[in-house]
Amino acid sequence: MSPPRGAAPREAGGVVGPDDVAYPLQARRAGSIAALDEVLVGCRACPRLVAWREQVEKRASFRDEVYWARPVPGFGDERATVLVVGLAPAAHGANRTGRMFTGDRSGDFLFAAMHRTGFANQPTSVRADDGLVLTGIRVTSPVHCAPPANKPTPLERHTCAPYLGRELELVGPRVAVVLGAFGWQALLATLDDQGWVVPRPRPRFGHGAEVRLTHPDGRDLTLLGCFHVSQQNTFTGRLTPEMLDAVLLRARERGG
């Protein structure tokens, strides 16, 4: 994984603080998901995202809750064959609850589909201690902090990339279900950095798009495109429950 643009070189073994742009590179040394999460939740490498996640004005319905307001780690099966890649935590969803896709309408839509297709033990995801268990599937994102207007910058995506890269290495999925064009491009960039054979020009995102990639060491990974589970898509019918179920069932089939 190449260092984030603008990162100063570090001597081997040098101490890098959580505010340093090079801090996410420590993810490469994480030997487990738990170790990766420990590094990730302490990250303060992107000043704009840190300020936003900590200062989000609470909605009236959540005024008595203490927001997580930190980077949100991936969630689910640590040996999943299917990895769902979104965009970033929502300001009043995962940024509030501390668990990916938990506590907002997008998560409601996604986890209900996972339950219907046999990946989740329950159809709802309200808070981090609600008993939800995912089997064979895991959810993550290229950017782990809630961004203003739900739009991370290219530099923020690049700075955060080592976390996604190491999670991919530790989990070793056979299939990646990618929600939306941002996640699609971010995942392809990360895979390219890791040495996967990514076609040129890069495959274009589309709902139902399917691309099989290989690694020189013999691994293979199938990317499945899916419209994002945002309210803009689900409320308008651009993405229906049936469409999402079909992608998840295809992922189960391809994941073996």
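Structure: see above.
For every chain, the first residue of its written sequence is number 1, and the numbers climb from 1 along that sequence. Totals for whole chains, interfaces and linings use all residues, but because this is a predicted model, local features are given only for residues with pLDDT of at least 70 and pairs of side-chain atoms are given and counted only at 80 or more. Side-chain measures here rest on the full set of heavy atoms in the structure, leaving out hydrogens and waters.

## Topic: helix α8 (residues 241-255)
The periodicity of an α-helix, 3.6 residues per turn, causes residues three or four places apart in sequence to face the same way.
Part 1 of the reasoning: Secondary structure follows DSSP: runs of H or I at least 4 residues long count as helices, runs of E at least 2 residues long count as strands, and numbering of each begins at the N terminus. Each residue after the first adds 1.5 Å to the expected span of a helix. When the terminal C-alpha atoms of α8 are compared, their 21 Å separation across 15 residues agrees well with the 21 Å that a helix rising 1.5 Å per residue should span.
Part 2 of the reasoning: Any residue under 20% of the maximum accessible area for its type is buried, any over 50% is exposed, and the rest in between are partly exposed; the area is computed with a 1.4 Å probe on protein chains only. What α8 keeps buried is the set Leu244, Asp245, Val247, Leu248, Ala251 and Gly255. One side of α8 holds all its buried residues, which, seen down the axis, span an arc of 160°. Across α8 from its buried face, at more than 90 degrees, point the exposed residues Glu242 and Glu253.
Part 3 of the reasoning: Here, two residues are considered to be in contact whenever any of their heavy atoms come within 4.5 Å of each other. For α8, the secondary structure elements touched by its buried residues are β2 (82-85), α4 (105-116), β3 (137-140), β4 (175-179) and β6 (220-226). It is the directions from the helix axis to the C-beta atoms that the arc portrays.

## A few points about the pattern of salt bridges
Part 1 of the reasoning: The term salt bridge refers to a side-chain nitrogen of Lys or Arg lying within 4 Å of a carboxyl oxygen of Asp or Glu. Within the structure shown, the criterion is met by 18 salt bridges.
Part 2 of the reasoning: Between Arg138 and Glu167 there is a salt bridge; the shortest N-O distance is 2.6 Å. Of this pair, Arg138 sits in strand β3 while Glu167 sits in helix α5 (residues 154-171); the two residues are 29 residues apart in sequence, bridging distant segments of the chain. You'll find Arg138 and Glu167 in the same group, each marked buried.

## A look at the nonpolar core
Part 1 of the reasoning: The criterion is simple. A nonpolar core is a set of buried Ala, Val, Leu, Ile, Met, Phe, Trp, Tyr and Cys residues joined through side-chain atoms within 4.5 Å. One finds Met114, Val177 and Leu244 to be the most contacted residues of the largest nonpolar core, which totals 30 residues.
Part 2 of the reasoning: Secondary structure elements with two or more residues in this core: β2, α4, β3, β4, β6 and α8.
Part 3 of the reasoning: Per-element tally for this core: the top contributor is α4, with five residues.
Part 4 of the reasoning: Beyond its immediate stretch of four places on either side in the chain, Val177 contacts Val82, Leu83, Val84, Val85, Leu224, Cys226, Val247 and Ala251.

## Thoughts on the pairing of β2
Part 1 of the reasoning: Burial along β2 is two-sided: the face carrying Val82 and Val84 and the face carrying Leu83 and Val85 are both buried.
Part 2 of the reasoning: Here β2 runs beside β3; their pairing, made up of four bridges, is parallel. Residue pairing for β3: Val85 is matched across the bridge by Thr140.
Part 3 of the reasoning: Note on pairing: two strands pair once DSSP finds at least 2 bridges between them. Pairing between β2 and β4: four bridges, direction parallel. Bridge pairing links Leu83 to Ala176 in β4.

## A closer look at the sheet that holds strand β5 (residues 210-214)
Part 1 of the reasoning: Ordered in space as β1-β3-β2-β4-β6-β5, the six strands form an open sheet in which the pairing is mixed. Either end of the sheet is taken by a strand with one partner, and the two such strands are β1 (75-76) and β5.
Part 2 of the reasoning: Lying on the sheet, α5 is in contact with β2 and β3; it crosses β3 at an angle near 170°. Geometry is summarised by axes, namely lines fitted to C-alpha atoms with helices restricted to the contacting stretch, and by angles between N-to-C directions that run from 0 to 180 degrees.

## Points about the environment of Thr135
Part 1 of the reasoning: Its location among the elements puts Thr135 in the loop between α4 and β3.
Part 2 of the reasoning: In this structure Thr135 comes out as exposed when scored by relative accessible area, which is 52%.
Part 3 of the reasoning: If near-sequence neighbours (up to four positions away) are discounted, Thr135 is found in contact with Asp77 and Phe119.

## Comments concerning the pairing of β6
The side chains of a regular strand alternate between the sheet's two faces.
Part 1 of the reasoning: Most of β6 sits out of view: seven of its seven residues are buried.
Part 2 of the reasoning: Relative to β6, β5 runs antiparallel, the two being bridged by five bridges. Across the sheet, the residue bridging to Arg212 is Thr222, located in β6.
Part 3 of the reasoning: Taking the residues between adjacent antiparallel strands as the criterion, β5 and β6 are bridged by five residues, where Gly218 takes a positive phi near 105°.

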